[in-house]
Amino acid sequence: MIRIALIGCTGSIGRQTADIVRRYPEKFSFSALACGRDGAALEALCAEFMPAAALCGEGSFTPPAGVTKLAKGEEARLFEDCDVAFIAAGGFAGLRYTLLAAEAGKKIALANKESLVCGGELVMRAVRERGIDLVPVDSEHSALFQCLAFRRDAAFSRLVLTASGGPFYRFTQAELARVTAADALRHPTWNMGAKITIDSATLLNKGYEVIEAKWLYETEFDKIGAVVHPESIVHSLVYFEDGAALAQLGYPDMRVPIQLALTYPERLPCEKPLDLPALGKLTFLPFPAERFPCFSLAVEAGRAGGTLPTVLNAAAEEAVHAFLGGRITFPMIAETIGCALGAFPRAEAESYPQLAETDAAARRFAAQYISSHGK
Ligand code: MG
């Protein structure tokens with residue numbers, strides 16, 4: 001029985017993780033559940049799975065008898081009884097949980113991008129020092145992990161991330177200036193939360209994934225590339241010294257990488273093996289970095305490292321929020337991020353409190369920029 005502490009249990013990845021546990025009750029259980037603010041959903045999950053402990057960051061909830069209600073400040077206790085810390089919380093908030101899980105010496109299944117984007121130095125230091133098993137959940141990084149035979153230190157010559165291209169791949173600059181939040185939320189292949197769906201439309205998400213790959217596979221930015229693959233069947237590829245390339249294929253369904261992160265190298269049976277003749281052909285297209293500046297802004301911030309990826313992420317969270325609320329245009333997401341990156345000097349990443357301070361300052365900057373330049 002694998003006991004899971006699931007952080008971010010009410011979000012898209014969290015709910016799909018609950019599906020896996022529901023499906024294999026003899027294999028998995030929840031030792032702890034935590035969410036940001038949806039207390040009602042947390043209550044329902046507690047009643048169903050009866051974890052030892054539960055925590056709701058902002059909202060209120062009443063757990064059933066037998067479930068210990070943890071208060072803010074007691075987050076470290078979420079990891080006391082688990083075998084795996086599953087970090088599915090969204091945004092910068094996830095970093096703190098990843099660091100706490102690493103401090104507790106637990107295996108980490110990582111679905112929170114910001115942990116490595118913002119806190120790569122801190123997380124990898126803790127992972128190395130404590131010998132933590134850090135397993136990627138994101139479909140691209142799971143694909144790379146599989147192609148590397150479940151070794152994060154395996155030799156390769158290049159990593160290539162696939163991208164659906166988002167809903168606007170063929171749009172001109174003029175068309176991009178007119179797109180709405182509703183247009184951007186119509187993702188062609190993956191069904192995800194709102195923030196990451198917008199990040200897929202701006203290609204910021206692919207920039208984040210380049211940074212994550214750099215940390216996960218301890219490599220250089222020059223050895224990581226991206227290609228557009230609209231069908232989202234090939235989830236990423238690894239090139240080797242002799243010219244061979246390995247790819248991992250599957251239907252776009254996050255439940256596969258979620259369960260693999262929990263059980264690897266063991267695999268669980270799947271409902272729907274790939275039907276190649278039904279797919280017909282697969283398409284690969286050049287990655288349009290020049291029309292989607294968020295991608296290059298992310299990679300540049302990743303190369304600079306230190307506190308700058310935290311500035312990038314904070315500005316992006318504010319800008320995407322404003323775009324979803326109809327307060328700024330699509331191109332202004334990149335503009336806000338670019339201005340924030342230009343306004344903050346780089347410092348070495350030293351601690352979580354320092355990054356949290358940077359995060360707050362960059363959010364204030366971005367909010368100010370949006371209110372003076374927005375609609
Ligand atoms: Mg992805």
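Please refer to the structure higher up on the page.
Now for a description of the structure that goes with this document. Bear in mind the structure is a predicted one, so any value in this text is a computation, not a measurement. (Residues numbered from 1 in each chain as written. Predicted model: local features only at pLDDT ≥ 70, side-chain atom pairs only at ≥ 80, totals over all residues. Heavy atoms only, no water.)

### Considering the coordination of the magnesium ion
The expected angle between donors at a tetrahedral four-coordinate metal is 109.5 degrees. At an octahedral six-coordinate metal it is 90 or 180 degrees. Donor atoms from the polypeptide that bind the magnesium ion are Asp138 (OD), Glu140 (OE) and Glu209 (OE), placed at 2.1 to 2.5 Å. For the magnesium ion, the donor residues sit on a single chain with the sequence spacing D-x1-E-x68-E. One end of the pair, Asp138, is in the loop between strand E7 (134–136) and helix H5 (139–147); the other, Glu209, is in helix H9 (residues 204–216), with 71 residues separating them in the sequence. Using a relative accessible area of 1% as the deciding quantity, one classes Glu209 as buried. (Donors = N, O, S within 2.8 Å, 3.2 Å for Na, K, Ca; no water. Helix = DSSP H or I, 4+ residues; strand = E, 2+ residues; numbered from the N terminus. Buried < 20%, exposed > 50% of the residue type's maximum accessible area, 1.4 Å probe, protein only.)

### Thoughts on helix H13 (residues 308–324)
The terminal C-alpha atoms of H13, which comprises 17 residues, lie 24 Å apart, in line with the 24 Å expected from a rise of 1.5 Å per residue. With 14 of 17 residues buried, H13 lies mostly within the body of the structure. Where H13 terminates, the next one or two residues include Gly326, which has phi positive at roughly 75°. (Expected span 1.5 Å × (residues − 1).)

### Here we look at the pattern of salt bridges
Side-chain pairing between opposite charges can occur once the charged atoms of the two side chains come close. Applying the stated rule across the entire model yields 23 salt bridges. Two residues, Arg186 and Asp183, come together in a salt bridge whose shortest N-O distance is 3.6 Å. Between Arg255 and Asp253 there is a salt bridge, with its nearest N and O atoms 3.0 Å apart. Each member of the salt-bridge network shares a partner with another, and the members are Lys113, Asp138, Glu140, Lys206, Glu209 and Glu212. (Salt bridge = Lys/Arg side-chain N within 4 Å of Asp/Glu carboxyl O.)

### Some remarks on the pairing of strand E10 (residues 234–239)
For a regular strand, side chains alternate in direction, first toward one face of the sheet and then toward the other. The element E10 is extensively covered by neighbouring structure, given that five of its six residues are classed as buried. The pairing of strand E8 (residues 158–163) with E10 spans four bridges and is classified as antiparallel. By the bridge assignment, Arg158 is partnered in E10 with Tyr239. Judged from the five bridges that link them, E10 and strand E11 (residues 245–249) form a sheet pairing that is antiparallel. Bridge pairing links Val234 to Leu249 in E11. Two successive antiparallel strands, E10 and E11, enclose a turn made up of five residues, where Gly243 displays a positive phi of approximately 95°. (Pairing = 2+ DSSP bridges.)

### What to know about the environment of Gly57
Structurally, the position occupied by Gly57 is in the loop between strand E3 (53–56) and strand E4 (68–70). Along the primary structure Gly57 and Thr307 are separated by 250 residues, whereas in three dimensions their C-alpha atoms are 25 Å apart. Ignoring sequence-local partners within four residues, the contact set of Gly57 consists of Cys35, Gly36 and Lys72. (Contact = heavy atoms within 4.5 Å.)

### Regarding the nonpolar core
Phe79, Phe86, Ile333 and Ile337 are the most contacted members of the largest nonpolar core, which has 130 residues in total. Tallying contributions element by element places H13 first for this core, with ten residues. Both of domain 1 (2–136) and domain 2 (171–182 + 289–375) provide at least three residues apiece to this core. In this view, Phe79 contacts Ala5, Ile7, Ala85, Ile87, Tyr97, Leu100, Ala101, Ala104 and Lys106; residues no more than four positions away in its chain are not counted. (Core = buried A, V, L, I, M, F, W, Y, C linked by side-chain atoms within 4.5 Å. Domains from an automatic or database assignment.)

### Observations concerning the packing of aromatic side chains
Going through the model one piece at a time under the given rule, you end up with eleven aromatic pairs. Their ring planes at 75° and their centres at 5.4 Å tell us that Phe145 and Phe150 sit as a pair that is edge-to-face. Neither Phe145 nor Phe150 differs from the other in exposure class; each is buried. The interplanar angle of 50° and the centroid separation of 5.0 Å between the aromatic rings of Phe168 and Phe171 together place this pair among those described as tilted. Residue classification places Phe171 among the partly exposed positions, given a relative accessible area of 27%. (Phe/Tyr/Trp six-rings, centres within 6.5 Å; stacked < 30°, edge-to-face > 60°.)

### Side note on the sheet that holds E10
Across the sheet, four strands lie side by side as E9-E8-E10-E11; this open sheet has mixed pairing. The open sheet has two free edges, formed respectively by strand E9 (224–228) and E11, since each of these has just one partner strand. Strand-to-strand twist of the sheet, defined as the mean angle between neighbouring strand axes without regard to direction, takes the value 20°. Against the sheet, H5 makes contact with E8, E10 and E11, and its axis sits at roughly 45° relative to E10, the strand it touches most. Across the sheet, H9 touches E8 and E9, and the angle it forms with E8 is around 150°. (Axes fitted to C-alpha atoms, helices over the stretch in contact; angles between N-to-C directions.)

### Description of the packing of H13 against helix H15 (residues 352–373)
Running from N to C, H13 and H15 cross one another at 40°; their axes reach a closest spacing of 8 Å. In terms of orientation, H13 and H15 fall into the oblique class. Crossing geometry of H13 relative to H15 is assigned as right-handed. Residue-level inspection shows Thr310, Val311, Ala314, Ala315, Glu317, Glu318, Ala319 and Ala322 of H13 in contact with H15, the latter providing Leu355, Thr358, Asp359, Ala362, Arg363, Ala366, Ala367 and Ile370. (Parallel < 35°, antiparallel > 145°, perpendicular 65-115°, else oblique. Left-handed = near helix turned anticlockwise from the far one by under 90°.)

### Some details on the pairing of strand E1 (residues 2–7)
Two elements, E1 and strand E2 (residues 28–35), share six bridges in a ladder whose sense is parallel. Looking at the pairing, Arg3 lines up with Ser29 of E2. As a crossover connection, the stretch from E1 through helix H1 (residues 12–23) into E2 is right-handed. Where E1 meets strand E5 (residues 84–87), four bridges bridge the pair, whose relative direction is parallel. Looking at E5, one finds that Ile7 is bridged to Ile87. (Right-handed = clockwise from strand over helix to strand, strands pointing away.)

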